[in-house]
Amino acid sequence: MEKETGKKQADAATDIPWAIRTEHLTKIYAQRLIAVNDMNLEVPRGSVFGLLGPNGAGKTTTLRLLLGLQRPTAGRAEVFGRRCGPNAVDVRARIGYLPTNPKLPGHLRPIEYLDLLGKLCGLRREVCKPRISTLLRSVGLLGATNQPIRAFSTGMCTRLGIAASLVGDPPLLLWDEPTAGLDPSARRFTLDLISELAKTKTIVVATHILSDIDQICDHLGVMHEGRMIFIGSMKDLKRRLCCDDFSLELVGSAENIERLGCEVAKQEGVESRIDQGGVLHVKITDGRSHALALAGVLKSVGAGDLSLEAIHSGRNATENAYLQLLQEDQSHGFDR
Amino acid sequence: MDSTDRMSKLATLMRPYTAICRHDLRALWQSRPVRLWLAATVVLTLLATLGNWGKLQDAPLIATLLFPYLVFPWFFIVIALGVTPVSGSQAETLADGILSRPVTRYGYLLATWAGRVITVLAVFYVVTVPAIMLVTLAKRPPAEDAVTVYGIVTTLGVVALVLTLIVSLGFLAGTLLRKPLLAAAVLIFLWYPVNFVLSTFSLEELSPISLSQATTTQLRRQWLGGDDESKTATNKEEAEALLRLGTNLSSMLFGGQTQQSKPGYFEPGKFEDFSLVRVTLGYGAGTLIAVGLAVLCFCRRDL
């Protein structure tokens, strides 16, 4: 009977289309600081979900609430249909957590540390030992197994943290700034690893590095001051925002650039703005064709005594979209 | 489900916690403070034994060996061992490394508590038991003493209970105050005055200083025997004393008049109504309360 109930619960868990769900999740520290504010979130199963936001937006707090390291002030969080909390062992058994710059026990060696974690995950020796050696090889720490962890660099600690998050082979990975403090090759390795792991796991990557998000994520949540201000796919984000903006980097006298700005502004359905670096920002306002507008602007550039250094389209710039989201959120004032 | 299945299920369930306990034990035994402490206890015990070899009878000499654990100086080491696991920078390492894994908080705390208690008691027994055997079995110049095996075993048990209480108080202080140095300082500044306060309120059963004085009596005790009448009288006295203990404890905490203990109790050299049950209950309850509060506090804490 017990077995049947357990099987039913497991079946129910596999039927759930989302890996993480939060309802009105709120965390207020000491009745003073609102870290997470009324967050409703659903992370689809099998997705690579980017949790994006500036420093202090509440990304790490959200992950720690999911892990049960912190208790929500209000609301609830669920992972694969199971409620999160300090003693929710079954939830943590399904999560591999990588903290930012992980603090690891310095007196242990990598194999000892991973072995301990294997035991905490309830792995049998015959499963644990081969997995540890595979993981150490995968993260490139096979040559450092004789060193105590305290002798590791930041990058090595992060790589060991990655291995540690994978010891229990969990279906959900929560990685908090996995590329922080890594050199370019280690960063490349981490991003490639995420893409590889995404074939079999749900991955949540909390970061403020937009280029990482651009490369690996298919879904995105943008947090600002504890609130989730956007949830959707990457395509939705780019489509929804900044889709017809472009900017031109120009070389020439300030007067000529100023004159060009005025001429462009006179064109139908186009707004322009010049910043201090001599960059002309063009915004298409009334649904006019992007190509036609650009052709008009380029014609004006050619007519003036200016040379064109570069053109940047806002169509694919996640950064623009992200910044616009933050600006919009701030401008909403009380309506937020 | 047969018993083998149950045992296997229990073993699987307990695997993470035994791993934590073993990890903690290994870390402790590899740490310099614990090794130095062990060396220092060996040296001090040796000095105390050899220094009093021809002077003291068995019971006072054994009491001298136990004094450092009950009063000074090993008390500080035991507190320091208890305070560290869940406080200060340790908490961050814990959250990142262990508590984000499939273990419960209370399970973790109890496993580390067990590791600390085992370490403290191992140091205590490893050093004192051979010394006590040497003292009791060797032929020495002082007159023969009536120390009993029962007395030695129960006294060692009671001292172990006191040490367990101190580790538990360290755990509680470390969990509540979060800063290891502050927790140790608070505990030290509370512990010594508390003996005086306990004495004032006739709560000697909870005072290690008084206990240290009473060990000679307990060491000479025989295994409980006698007729039914004397057993009934003893039980009645125990019940009265327990009632007095409870009343005095509540008086101390919430105000009110205290009942004085019977004259002669814990007077130097005269501890005839020393009660093992009361002492065990006093320290045992204290330990349970301290561990319970530490677990409660740790489970409600944000990491």
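Residues numbered from 1 in each chain as written. Chains lettered and ligands numbered in written order. Predicted model: local features only at pLDDT ≥ 70, side-chain atom pairs only at ≥ 80, totals over all residues. Heavy atoms only, no water.

## Remarks on the pattern of salt bridges
Here comes step 1: Using the criterion set out here, one finds 14 salt bridges over all chains in the structure.
Here comes step 2: Among the ionic pairs, Asp192 of chain A bridges to Arg188 of chain A, the shortest N-O distance being 3.1 Å. You can see Asp192 of chain A and its partner Arg188 of chain A sitting in helix H7 (residues 184–197), four residues apart, about one turn around the helix.
Here comes step 3: For Asp192 of chain A, a relative accessible area of 42% translates into the label partly exposed.
Here comes step 4: Given the relative accessible area of 40%, Arg188 of chain A is considered partly exposed.
Here comes step 5: The partner of Arg116 of chain B in a salt bridge is Asp24 of chain B, with the nearest N and O atoms 3.1 Å apart. Here the residue Arg116 of chain B occupies a position in helix H6 (residues 105–137), and Asp24 of chain B occupies one in helix H1 (residues 3–30), the gap between them amounting to 92 residues. (Salt bridge = Lys/Arg side-chain N within 4 Å of Asp/Glu carboxyl O. Helix = DSSP H or I, 4+ residues; strand = E, 2+ residues; numbered from the N terminus. Buried < 20%, exposed > 50% of the residue type's maximum accessible area, 1.4 Å probe, protein only.)

## Quick notes on the environment of Leu134 of chain B
Residues and elements named next belong to chain B.
Here comes step 1: As for its position among the elements, Leu134 is in helix H6.
Here comes step 2: Under the relative-accessibility criterion, Leu134 is labelled partly exposed at 47%.
Here comes step 3: Between the C-alpha atom of Leu134 and that of Arg301, which follows or precedes it by 167 residues, the distance is 48 Å.

## Structural notes on the packing of helix H4 (residues 110–120) of chain A against helix H5 (residues 125–138) of chain A
Residues and elements named next belong to chain A.
Here comes step 1: At a closest axis distance of 10 Å, the pairing of H4 and H5 adopts a crossing angle of 130°. Looking at the two axes, H4 sits oblique to H5. Remark: the crossing between H4 and H5 carries right-handed chirality. Judged by residue contacts, Pro110, Ile111, Leu114, Asp115 and Gly118 of H4 engage Cys128, Lys129, Ile132 and Leu136 from H5.
Here comes step 2: Among the residues forming the contact of H4 with H5, the class breakdown is six nonpolar, one polar and two charged. (Axes fitted to C-alpha atoms, helices over the stretch in contact; angles between N-to-C directions. Parallel < 35°, antiparallel > 145°, perpendicular 65-115°, else oblique. Left-handed = near helix turned anticlockwise from the far one by under 90°. Contact = heavy atoms within 4.5 Å. Nonpolar A, V, L, I, M, F, W, Y, C, P; charged D, E, K, R; others polar.)

## Things to note about the packing of aromatic side chains
Residue and element names in this part refer to chain B.
Here comes step 1: This model, assessed by the stated rule, comprises four aromatic pairs over all chains.
Here comes step 2: Note on Tyr108 and Phe298: the rings are 6.4 Å apart at their centroids and 40° apart in plane angle, and the pair reads as tilted. You can see Tyr108 sitting in helix H6 and its partner Phe298 sitting in helix H11 (residues 276–299), a full 190 residues away along the chain.
Here comes step 3: What makes Tyr108 buried here is its relative accessible area of 4%. (Phe/Tyr/Trp six-rings, centres within 6.5 Å; stacked < 30°, edge-to-face > 60°.)

## Looking at a nonpolar patch on the surface
Residue and element names in this part refer to chain B.
Here comes step 1: A surface patch of nonpolar side chains, about 420 Å² in accessible area, is lined by Leu176, Leu177, Leu182, Val186 and Leu190.
Here comes step 2: For the nonpolar patch, the elements supplying multiple residues, two or more each, are helix H7 (149–177) and helix H8 (180–200).
Here comes step 3: Element by element, the count of residues in the nonpolar patch is highest for H8, at three residues.
Here comes step 4: As for its position among the elements, Leu176 is in helix H7. (Patch = residues over 30% accessible without salt bridge, like charges linked within 9 Å, V, L, I, M, F, W, Y side chains within 5 Å. Areas by Shrake-Rupley, 256 points an atom, 1.4 Å probe, with all protein chains shown as cover.)

## What about unusual backbone geometry?
Here comes step 1: Of note in this structure, Asp38 of chain A is not a glycine but carries a positive phi near 50°.
Here comes step 2: On the basis of relative accessible area, Asp38 of chain A is assigned to the partly exposed category, the value being 40%.

## Remarks on the sheet that holds strand S8 (residues 202–207) of chain A
All names here are of chain A.
Here comes step 1: Read from one edge to the other, the open sheet built from six strands follows the order S6-S7-S8-S3-S9-S10, with strand pairing classed as mixed. The strands lining the two open edges of the sheet, one partner per strand, are strand S6 (95–98) and strand S10 (227–233). With strand direction ignored, the average angle separating the axes of adjacent strands in the sheet is 15°.
Here comes step 2: Examined bridge by bridge, strand S9 (residues 219–224) and S10 share six bridges and lie antiparallel to one another. In the strand pairing of S10, Val222 is matched with Phe230.
Here comes step 3: Relative to S6, helix H6 (residues 154–166) is tilted by about 170°, and along the sheet it contacts S6 and strand S7 (172–176).
Here comes step 4: Those strands touched by H7 are strand S3 (48–52), S7 and S8, and its axis lies near 160° from that of S7. (Pairing = 2+ DSSP bridges.)

## Comments concerning the environment of Gly155 of chain A
Here comes step 1: As for its position among the elements, Gly155 of chain A is in helix H6.
Here comes step 2: Residue class for Gly155 of chain A comes out buried when judged on its relative accessible area of 14%.

## As for the side chain of Glu177 of chain A
All names here are of chain A.
Here comes step 1: Position of Glu177 relative to the elements: it lies in the loop between S7 and H7.
Here comes step 2: This buried residue, Glu177, is left without a salt bridge; Lys59 holds the nearest opposite charge, at 4.6 Å.
Here comes step 3: Here Glu177 is in contact with Lys59, Thr100, Ala206, Thr207 and His208, once residues within four sequence places are set aside. (Lys, Arg positive; Asp, Glu negative; His and termini not counted.)

## Structural notes on the interface of chain A and chain B
Here comes step 1: Listed per partner, the contact involves 33 residues of chain A and 26 residues of chain B.
Here comes step 2: A buried area of about 2,700 Å², summed over both sides, lies between chain A and chain B, and 55% of it is on carbon and sulfur atoms.
Here comes step 3: Looking only at chain A, the three residues that lose the most surface to chain B are Leu69, Lys103 and Leu120 of chain A, adding up to 25% of its buried area.
Here comes step 4: Here chain A and chain B share two salt bridges between them.
Here comes step 5: Where Arg26 of chain B meets Glu112 of chain A, a salt bridge forms, and the shortest distance between an N and an O atom there is 3.4 Å.
Here comes step 6: Counting the contacts that link chain A with chain B gives twelve residue pairs in polar contact (both at pLDDT 80 or more).
Here comes step 7: Put simply, the parts of the chain that give the side of chain A that touches chain B at least two residues each are strand S1 (18–29), helix H2 (59–67), helix H3 (89–92), H4 and H6 of chain A.
Here comes step 8: Ranked by residues supplied to the side of chain A that touches chain B, first place goes to H4 of chain A with six residues.
Here comes step 9: Residues that form the side of chain A that touches chain B fall into these classes: 19 nonpolar, six polar and eight charged. (Buried area = accessible area lost by both parts, 1.4 Å probe. Polar contact = N/O pair within 3.5 Å; in protein donor to acceptor, adjacent residues only side chain to side chain.)

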